[in-house]
Amino acid sequence: MTNDDIPIGRRVASWRVRRQMTQQMLADRLRRSKSWVDKIERGVRPLDRYSVIQELAHVLRVEPEALLGQQRSTPAGTPDGVDGIRAALARYDNPHAPPQTDELRRQVGHAWLTYQHAHYGQLVRLLPGLLDAAQGARSAELLVPAYRITSSLLVKLGEADLAWLAADRAIGAAGDDPALAATAAIAVGQALRASGRDRLALTATLAAANRTRPQRSAGEWAVSGTLLLQAALAAAGCGEHRRADELTDRAAGVATNLRGYDDTHRTNFGAIAVDLARVLSAAQRGDANEALHRHSTLTRREAWRRLPAEYRGAYLVDVARAYLQVGDLRGAARALVDADSVAPAEVRCRPLARTVIADVARAQPAPAGVARLATLVGLTR
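Everything numeric here is computed off the predicted structure, so don't read it as measured data. (Residues numbered from 1 in each chain as written. Predicted model: local features only at pLDDT ≥ 70, side-chain atom pairs only at ≥ 80, totals over all residues. Heavy atoms only, no water.)

1. Some details on the overall build of the protein
Counting its secondary structure elements, the protein contains 22 helices and 0 strands. A globule of 381 residues ought to have a C-alpha radius of gyration of about 21 Å, and the protein, at 21 Å, matches this closely. Considered along the principal axes of its C-alpha atoms, the protein spans approximately 55 × 45 × 45 Å. Going through the 381 residues of the protein one by one, you find that 52% of them count as buried. (Helix = DSSP H or I, 4+ residues; strand = E, 2+ residues; numbered from the N terminus. Rg over C-alpha atoms; globule rule 2.2 N^0.38 Å. Buried < 20%, exposed > 50% of the residue type's maximum accessible area, 1.4 Å probe, protein only.)

Below is the structure:
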């Protein structure tokens, strides 16, 4: 069994023993029960929440990667396998019996974690089988997130039109479930923005946000807030900067009432997400100096460090573009190098990041860090 095949619960147990802790000691430090720790270690209870894995890693004094398996080196270039995802989207039924619901739920949770840790090459290999299983199971609860993960990954890989197809499938799979339909609309907005259709993205996400009437959980409020942020960024992309500010303020109002909620729908929404959106909106309207001033304070916050690697890496690539707007090549280089240290695949696999690297690398002499990245992704010889 390779390290990647070892269940995460066994890794938790292994690190607990190495830290000379009993299950009760670990439970006490986590403010949970010994039974909870025992179920995690035996695999009876799934461990598929990024925030919980971070908490465990902090107590065990390891990086989250140590609990998820050794981090693989990240090769440069778009991962092979998009054709497999395209073929899976072209199939509507799984020719084999789908796995049991609990096992499929575990697979979806694992795919989310793989995405959040920016292991895009691994995720490209996982998704065709996951899509086949989810489409065969015909469970909206599992099919919608499977399509969302697929759409989000395809955006990263520069396949915006295919990403929109997956997002549209998520909308169709959600049916009459308003909460699932709202989460699917997040993917629609991201895909439309990635394809340069900001006006359509604004219409779709704002309509979904206005339809959302969260009543059952804070997680649904987070979905509403995320839709508002997507609408705000789309408005900024359309040049409607006042509207972008108004929508961001609405999202800030939602975030004010959320504290420590269980992020069931994988939105990463909160006050830090609102503040990061303000940075990106300022950059969109050409006010890169304001954007960079805000940015310099945000990345020192504890809330920033708690965001998934994917989220931070993608944001840093966008900040590098803002530095370029004001001609600060060294600032752009620092942001790219930081992004590479946080989430290598964000820099090495994304066509968008490759373009930013190329723009920075044209300087003579190119900043050292970006010169290395340019060589790594094949932009220089």
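2. A short note on the packing of aromatic side chains
Counted under the stated rule, the structure contains 3 aromatic pairs. Ring geometry for Tyr115 and Tyr120: centres 6.1 Å apart, planes at 40°, overall tilted. The two residues Tyr115 and Tyr120 agree in class, both being buried. Ring centres of Trp304 and Tyr315 lie 5.4 Å apart, and the angle between their planes is 65°; on these two criteria the pair is classed as edge-to-face. Here Tyr315 lies in helix α18 (residues 309-325) and Trp304 lies in helix α17 (residues 302-305), a separation of 11 residues in the sequence. For the residue pair Trp304 and Tyr315, the accessibility class agrees, reading buried in each case. Connected via pairs of aromatic rings, a cluster forms that spans Trp112, Tyr115 and Tyr120. (Phe/Tyr/Trp six-rings, centres within 6.5 Å; stacked < 30°, edge-to-face > 60°.)

3. Observations concerning the nonpolar core
Counting residues in each nonpolar core, the largest one holds 40 residues, and the members touching the most others are Leu89 and Leu153. Going through the elements one at a time, α6 (82-90), α7 (101-116), α8 (120-137), α9 (140-156), α10 (160-174) and α11 (178-194) are the ones with two or more residues in this core. In terms of residues, this core owes the most to one element, α9, which gives 9 residues. Among all residues touching Leu153, those that are not within four sequence positions of it are Ile85, Tyr115, Tyr120, Leu123, Val124 and Leu127. Counting 34 residues, the second-largest nonpolar core is a separate cluster that includes Ala333, Val370, Ala374 and Val377. (Core = buried A, V, L, I, M, F, W, Y, C linked by side-chain atoms within 4.5 Å. Contact = heavy atoms within 4.5 Å.)

4. Digging into the packing of α18 against helix α21 (residues 351-361)
It is the contact of α18 with α21, at a shortest axis distance of 10 Å, that shows an interaxial angle of 30°. Accordingly, the angle class assigned to the pair α18 and α21 is roughly parallel. Crossing hand, α18 versus α21: left-handed. Together, Val317, Asp318, Ala320, Arg321 and Leu324 of α18 and Leu352, Ala353, Val356, Asp359 and Val360 of α21 make up the contact between the two elements. Its residues assigned to classes, the contact of α18 with α21 comprises 7 nonpolar, no polar and 3 charged. (Axes fitted to C-alpha atoms, helices over the stretch in contact; angles between N-to-C directions. Parallel < 35°, antiparallel > 145°, perpendicular 65-115°, else oblique. Left-handed = near helix turned anticlockwise from the far one by under 90°. Nonpolar A, V, L, I, M, F, W, Y, C, P; charged D, E, K, R; others polar.)

5. Details of the pattern of salt bridges
Enumeration according to the criterion identifies 25 salt bridges in this entry. Across the pair Asp132 and Arg91 runs a salt bridge whose closest N-O atoms are separated by 2.9 Å. Residue Asp132 is located in helix α8, and its partner Arg91 is located in the loop between α6 and α7; the two are separated by 41 residues in the primary sequence. Of the charged contacts in the structure, one is a salt bridge between Arg348 and Asp340, with a shortest N-O distance of 2.8 Å. (Salt bridge = Lys/Arg side-chain N within 4 Å of Asp/Glu carboxyl O.)

6. Remarks on the environment of Ala251
Examined against the element boundaries, Ala251 turns out to sit in helix α14 (residues 241-256). Sequence-distant contacts of Ala251, defined by excluding residues within four places in its chain, comprise Gly225, Leu228, Leu229, Phe269 and Val274.

Distances and angles like these do not, on their own, reveal function.
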